[in-house]
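Examination of the molecular architecture
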Amino acid sequence: MFGDVKTDFGPPYFRDLLHPVIKNNYGKWKYHEVVRPGVIKRVAESGDVIYVVRFGTPRLLSIYTVRELCDIADKYSDGYLRWTSRNNVEFFVTDESKIDDLIKEVQERVGFPCGGTWDASKGEYGLSNIVHTQGWIHCHTPAIDASGIVKAVMDELYEYFVDHKLPALCRISLACCANMCGAVHASDIAIVGIHRTPPIPNDDAIRKTCEIPSTVAACPTGALKPDMKNKTIKVDVEKCMYCGNCYTMCPGMPLFDPENDGAAIMVGGKLSEARRMPELSKLWFHGCQTNHQDGPPL
């Protein structure tokens, strides 16, 4: 019903964008198997077969790269492709003989590796892409950037993405600040940007650009108090958790510190209920600095 509604609100109805083989067999799959790293064979109860070929991509792509991928999809994938929640792009191939040519062309034209899959039935695991937050290109509260760190980490772990070399499933994520919109609190390995100094109120900027009641109310720990006499805001340093919510509401509350901002590494998070209950990540290392000569670099 919803697919027939024409509106410019929100995204298109997802079923209208599915590959015909997937659309015709939606919810009627017999089995799937990982035939090699990055290539998943899906077989429907009807006998239809489709191969999903996965490539790792950056989260941020230029329109030129997207157009290259669309051209490749037109050639090999009947014009269909999709991105996963972990920033992998997937093509859909019904002719198995086209898979090698597809992989070669993607690698030659845009340089993206094929991989990011695992096969639990065989005990073979590869590393999927890193899910991460926006970083400096979009968000205004990060303590660290996202794309550069993710690229550096994945360069080191490249062999685990293109092959099944891990003993178990592993998820890596990155959040640029303690607000953690990247869901790093439940990942196997997580990198979290941390501010280590409280915001410093700019009284003139607060008076000119900020609504004091809403800024004070935005603090989750009650560290902000209105100073209505001077038309500004006071910070209780002992209560501040350096989250940056106040800066979200008020540009007169900056908390960036190039000398001290850095990252913490968390480990041991778990989202599923398989074999044991879900649990939150735990702090492993605190204080990696991204732009300072002292301390371990990130």
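Each remark here, short or long, concerns the structure printed above.
Summarised in this report is the structure supplied together with it. Note that this is a predicted model, so its numbers are computed, not measured.

**Considerations on the state of the cysteines**
For the structure shown, the criterion picks out one disulfide. Bridging Cys210 to Cys250, the disulfide has an S-S length of 1.9 Å. Between Cys210 and Cys250 the disulfide shows an S-S torsion of about 80°. By sign, it is right-handed. Remark: Cys250 occurs in the loop between α8 (245–249) and β13 (262–267) and Cys210 occurs in the loop between α6 (203–209) and α7 (212–217); sequence separation between them is 40 residues. Cysteine Cys219 is unpaired, with the sulfur of Cys243 as its nearest cysteine sulfur at 6.2 Å. With no disulfide partner, Cys240 has as its closest neighbouring cysteine sulfur the one in Cys246, 6.6 Å distant.

**A short note on the layout of surface pockets**
Here the largest pocket is characterised by a volume of approximately 630 Å³. Forming the boundary of the largest pocket are 24 residues, of which Leu169, Arg171, Asp188, Leu271 and Ser272 lie nearest the centre. In this model, the second largest pocket occupies a volume close to 430 Å³. For the second largest pocket, the lining is made up of 19 residues, of which Thr57, Pro58, Asn129, Lys151 and Met154 are closest to its centre. Secondary-structure elements contributing two or more residues to the lining of the second largest pocket are α4 (147–156) and α5 (158–162). With five residues, the single largest contributor to the lining of the second largest pocket is α4.

**Digging into the packing of helix α2 (residues 63–76) against helix α3 (residues 99–109)**
Interaxial distance between α2 and α3 falls to 11 Å at its minimum, and their mutual angle equals 165°. Classified by the interaxial angle, the pair formed by α2 and α3 is roughly antiparallel. Note that α2 runs across α3; the crossing there is right-handed. Taking contact as the criterion, the partners of Glu68, Asp71, Ile72, Lys75 and Tyr76 in α2 are, on α3, Asp101, Leu102, Glu105, Val106 and Arg109. Across the contact of α2 with α3, the residue classes tally to four nonpolar, no polar and six charged.

About the cut-offs
- Residues numbered from 1 in each chain as written.
- Predicted model: local features only at pLDDT ≥ 70, side-chain atom pairs only at ≥ 80, totals over all residues.
- Heavy atoms only, no water.
- Disulfide = S-S within 2.5 Å.
- Helix = DSSP H or I, 4+ residues; strand = E, 2+ residues; numbered from the N terminus.
- 1 Å grid on protein atoms, 1.4 Å probe; cavity = no way out; pocket = protein on both sides within 12 Å on 5 of 7 lines; lining within 4 Å.
- Points joined across faces, edges and corners; volume = space filled by probe spheres on them.
- Axes fitted to C-alpha atoms, helices over the stretch in contact; angles between N-to-C directions.
- Parallel < 35°, antiparallel > 145°, perpendicular 65-115°, else oblique.
- Left-handed = near helix turned anticlockwise from the far one by under 90°.
- Contact = heavy atoms within 4.5 Å.
- Nonpolar A, V, L, I, M, F, W, Y, C, P; charged D, E, K, R; others polar.

These values are about where atoms sit, not about what they do.
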